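Commentary on secondary and tertiary structure
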Amino acid sequence: MDTLIPFDSLDSDTLNNVLNDIVSRDGTDYGEYDLSTEQKREQALRSLKSGEAVLLFDTESETIQLVPKQAVQQRY
């Protein structure tokens, strides 16, 4: 079963490392614009803080993913 990870329960270094990992993965699409890793991380953090997205630990792939909150609500 996948597990939600409250982003605010992570210390800042861990959260930054998690976000860096997420935004640097192949296949991550940010639209027409090329963004720096810092910009992508800030964008991801804003989506977490606003409640638009959540961190989800995928037990199958053993990775943490940033997913839209709405997608998680539809799953469960």
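Data block above holds the structure.
Residues numbered from 1 in each chain as written. Predicted model: local features only at pLDDT ≥ 70, side-chain atom pairs only at ≥ 80, totals over all residues. Heavy atoms only, no water.

Along the backbone of the protein chain there are 3 helices and 3 strands. For the protein chain, the α and β elements follow one another from N to C terminus as β-α-α-β-β-α. Per-residue burial for the protein chain yields a buried fraction of 26% across its 76 residues. Across the protein chain, the fraction of contacts at a sequence separation of at least 24, relative to all contacts at a separation of at least 6, is 48%. Total accessible area computed for the protein chain in this model is approximately 5,500 Å², and 46% of it derives from carbon and sulfur atoms. (Helix = DSSP H or I, 4+ residues; strand = E, 2+ residues; numbered from the N terminus. Buried < 20%, exposed > 50% of the residue type's maximum accessible area, 1.4 Å probe, protein only. Contact = heavy atoms within 4.5 Å. Areas by Shrake-Rupley, 256 points an atom, 1.4 Å probe, with all protein chains shown as cover.)

Another aspect to go through is helix α1 (residues 12–23). Residues spaced three or four apart along an α-helix point in a common direction, a consequence of the helix completing one turn every 3.6 residues. With 12 residues, α1 should cover 16 Å at 1.5 Å per step; its first-to-last C-alpha distance of 16 Å lies within 8% of that length. Burial in α1 covers these residues: L15, V18, L19, I22 and V23. Buried residues of α1 fall within an arc of 125° about the axis and therefore sit on the same side. Among the exposed residues of α1, those pointing more than 90 degrees away from its buried face are D13 and N17. Sitting at the amino-terminal end of α1 is D11, which places a side-chain oxygen 3.1 Å from the backbone nitrogen of D13. (Expected span 1.5 Å × (residues − 1). Arc of directions from axis to C-beta. Polar contact = N/O pair within 3.5 Å; in protein donor to acceptor, adjacent residues only side chain to side chain.)

Between side chains of opposite charge, a pair can form as their charged atoms come close. Summed over all chains, the structure comprises 2 salt bridges. Here R41 ties to E38 by a salt bridge, and the two come within 2.0 Å at their closest N and O atoms. With R41 and E38 both in helix α2 (residues 37–50), this residue pair falls 3 residues apart, about one helical turn. Taking the relative accessible area as the measure of exposure, R41 reaches 14% and is therefore buried. (Salt bridge = Lys/Arg side-chain N within 4 Å of Asp/Glu carboxyl O.)

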